Amino acid sequence: MSSAVTDLCPCPIVQAPMAGGASCPELVAAVSESGGLGFLAAGYKTADGMYQEIKQVRGLTGRPFGVNLFMPQPEHADPAAVDVYRHQLAGEAGWYQTRLGDPDSGRDDGYDAKLAILLDDPVPLVSFTFGCPTREVTEALRGVGTRTAVTVTTVEEALAARRSGADAVCVQGIEAGGHQGTHRDNPEADGSGVGLLALIAQVREAVELPIIAAGGIMRGAQIAAVLAAGADLAQLGTAFLVTPESGAPAPHKQAMTDPLFTRTELTRAFSGRPARGLVNRFMREHGPYAPAAYPEVHHMTSPIRKAAAKAGDPQAMALWAGQGHRLARELPAGQLVEVLAAELLAAKAALAQGGAA
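Nothing here was measured: the structure is a model prediction, and the numbers come from that model. Each chain carries its own residue numbering, running from 1 in the direction its sequence is written. Per-residue local features of the predicted model are confined to residues with pLDDT of at least 70, and side-chain atom pairs are confined, for both listing and counting, to 80 or more; whole-chain, interface and lining totals are unaffected and use all residues. Each side-chain value is worked out from all heavy atoms of the structure, with water and hydrogens disregarded.

Chemist: Looking at this model, I keep getting lost on the overall build of the protein. Mind explaining?
Modeler: By definition, any uninterrupted DSSP run of H or I lasting at least four residues is a helix, any uninterrupted run of E lasting at least two residues is a strand, and each is numbered from the N terminus. Of regular secondary structure, the protein possesses 15 helices and eleven strands. The atom set for the radius of gyration is the C-alpha atoms, and the globule formula is 2.2 Å times the number of residues raised to the power 0.38. Computed over C-alpha atoms, the radius of gyration of the protein comes to 19 Å, within 12% of the 21 Å expected from 2.2 N^0.38 for 357 residues, which places it in the range of a compact globule. The principal-axis extents of the C-alpha atoms in the protein amount to approximately 60 × 45 × 40 Å. Relative accessibility thresholds used throughout: buried, under 20% of the residue-type maximum; exposed, over 50%; partly exposed, between the two (1.4 Å probe, protein chains only). Counting only residues that meet the buried cut, the protein has 57% of its 357 residues in that class. What makes two residues a contact is simply this: any of their non-hydrogen atoms within 4.5 Å. Sequence-distant contacts, at least 24 apart, represent 70% of the contacts inside the protein between residues at least 6 apart. As displayed, the protein has an accessible area near 14400 Å², and 53% of this comes from carbon and sulfur atoms. For the protein, the distance from the average site of its 29 positive side-chain charges to the average site of its 37 negative ones is 3 Å. Accessibility throughout is a Shrake-Rupley quantity obtained with a 1.4 Å probe, and a residue counts as covered only by protein chains that appear here. In this tally, Asp and Glu contribute negative charge and Lys and Arg positive charge; neither His nor the terminal groups of the chain are included. A charged residue contributes its charge at one atom only: NZ of Lys, CZ of Arg, CG of Asp or CD of Glu.

Chemist: I keep staring at the layout of surface pockets and nothing clicks. Help me out?
Modeler: Leftover empty space is mapped by rolling, across the atoms, a probe with the size of a water molecule. There is about 380 Å³ of room inside the second largest pocket. Among the residues making up the lining of the second largest pocket, the classes are represented as five nonpolar, nine polar and five charged. Buried and open spaces are told apart on a 1 Å grid over the protein atoms alone, a cavity being a set of points where a 1.4 Å probe fits but cannot get out and a pocket being an open set with protein on both sides within 12 Å along at least five of seven lines. Residues with an atom within 4 Å of a point are the lining residues. Grid points are joined across faces, edges and corners, and a volume is the space filled by probe spheres set on the points. Amino acid classes used here: Ala, Val, Leu, Ile, Met, Phe, Trp, Tyr, Cys and Pro are nonpolar; Asp, Glu, Lys and Arg are charged; the rest, including Gly, are polar.

Chemist: Which parts of the structure should I look at to understand the packing of aromatic side chains?
Modeler: Aromatic rings considered in pairs are described by the distance between their centres and by the relative angle of their planes. Only centres within 6.5 Å qualify two rings of Phe, Tyr or Trp (six-membered ring in Trp) as a pair; their planes then separate them into stacked at under 30 degrees, edge-to-face at over 60, and tilted for everything else. Counted under the stated rule, the structure contains six aromatic pairs. Measuring from centroid to centroid gives 4.8 Å for F70 and F130, while their planes differ by 45°, and the two rings are tilted. Placement of F70 in strand β3 (residues 65-70) and of F130 in the loop between β4 (125-129) and α7 (135-143) is noted, with a sequence separation of 60 residues between them. Taking relative accessible area as the criterion, F70 reaches 9% and is therefore assigned buried. Members of the aromatic cluster, connected to one another through ring pairs, are Y44, F70, F130 and Y294.

Chemist: Mind showing me how you'd approach unusual backbone geometry here?
Modeler: Trans peptide bonds make up most of the peptide bonds, and negative phi angles are found at most residues other than glycine. Cis geometry marks the peptide bond from Y294 to P295, where omega comes out at 10°. For P295, the position within the fold is in the loop between α13 (281-286) and α14 (296-310).

Chemist: Which parts of the structure should I look at to understand the pairing of strand β2 (residues 38-41)?
Modeler: When a strand is regular, its side chains alternate between the sheet's two faces. Of the two faces of β2, both are covered, the one formed by G38 and L40 as well as the one formed by F39 and A41. In terms of strand pairing, β2 meets β3 through four bridges, oriented parallel. The residue bridging A41 from the neighbouring strand is N68, located in β3. When the strands point away from the viewer and the path from the first strand over the helix to the second turns clockwise, the crossover is right-handed. Of the crossover connections in this fold, the one passing from β2 over helix α3 (residues 47-60) to the parallel β3 is right-handed. Strands are treated as partners if at least two bridges between them are detected by DSSP.

Chemist: Just to check I follow, could you spell out the pattern of salt bridges for this structure?
Modeler: Two side chains of opposite charge can pair, provided their charged atoms sit close to one another. The salt bridge criterion pairs a side-chain nitrogen of Lys or Arg with a carboxyl oxygen of Asp or Glu, the two atoms within 4 Å. Under the defined criterion, the tally for this structure stands at 14 salt bridges. E296 is the salt-bridge partner of R107, the closest N and O atoms lying 2.4 Å from each other. Of this pair, R107 sits in the loop between α5 (90-95) and α6 (111-120) while E296 sits in helix α14, and the two are 189 residues apart along the sequence. A relative accessible area of 8% places E296 in the buried class. Here the residues in one salt-bridge network are E92, R281 and E285, joined through shared partners.

Chemist: Help me understand the side chain of E296, please; the structure alone is not making it clear to me.
Modeler: Polar contacts, as used here, are pairs of N or O atoms within 3.5 Å; protein pairs need one atom able to donate a hydrogen and one able to accept it. Residues neighboring in sequence count only if both atoms are side-chain atoms. A polar atom in the side chain of E296 sits 2.4 Å from the side chain of R107. With sequence-adjacent residues up to four places away left out, E296 is seen in contact with A77, V82, P103 and R107.

Chemist: What is the right way to read the sheet that holds β3 from this model?
Modeler: One key point about sheets: their strands pair by backbone hydrogen bonds, in either a parallel or an antiparallel sense. On the basis of which strands lie adjacent, the open sheet formed by eight strands has the order β1-β9-β8-β6-β5-β4-β3-β2 and parallel pairing. Bordering the open sheet on either side are β1 (13-15) and β2, each of which pairs with just one other strand. Recorded for the sheet is a direction-independent mean angle of 25° between the axes of neighbouring strands. Bridge analysis of strand β5 (residues 147-152) against strand β6 (residues 168-172) gives four bridges, and the strand direction is parallel. By the bridge assignment, V150 is partnered in β6 with V169. With axes taken as lines fitted to C-alpha atoms, and helix axes fitted only over the stretch in contact, angles between N-to-C directions fall between 0 and 180 degrees.

Here's what the structure looks like:
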């Protein structure tokens, strides 16, 4: 069962696809070259932009890697609420000397065009976030030799992934940095997500699919824990965000271990969808009023976030981070995979000795 994903990489370590620039070709290739599984994030890129990055990865490594797609989003946002939030953000735009983005800049993230490229020029693994592809899509990808995985945050979503014909599920706990990959954005469920270890156990009993575990994992001992709980691979995002190869802006990397940023929270402030990041001024001031409106809010705040990053000001950037961010280590990506693998072996040996005693 687990060979559907585990034979893609010698080490059970997956670098999370972090949309927004962190998961650049250099990072993906470095992780895959070191025995892990690198992952490109196609979210927020054009179809051609995705294709160019795939070509760059192939020029850097011959090892397997994955590509993550965002599913098209249904229209459910209240236009009046979006307009109110737009007025609230006017001061931010003025302060950073930029304009607010157009909330109606598109809902499908170029999904069909990206899928067409991936069917024409296949990669080893494609994963899906913010929803579940149709069985027609998974079978088409399987027909060209591509395996598929679906991000899930509940047992119900895991069952939907199985019905869709997915080869694996990426089980995302509430601890994870960045967006919660829920299939349906329900504001009434905000903050009610399940912790990773509990969710792995629930999904393992519900579906017989390989599990990629994601959420707050920063050390080899944690990888050992999720594997013991029933996962087949561990996916780490924040741990790789601070590596030299990561394309994340310098202020974002520095904030991970900056004592000024003491905690993470889930917020809709930057995108209109729940996402975990370091609490900064923008999140404190706008989070309580942000509507459930993705990707409208994402499009609106994008120029502000870019201007803040250019100015080196982390207080208006989306500082996505998992709950384990303080454990971040500024190691080259390949070395980090080696350290994590050594820690994993040590943890397994300690467990075995304990069992023998």
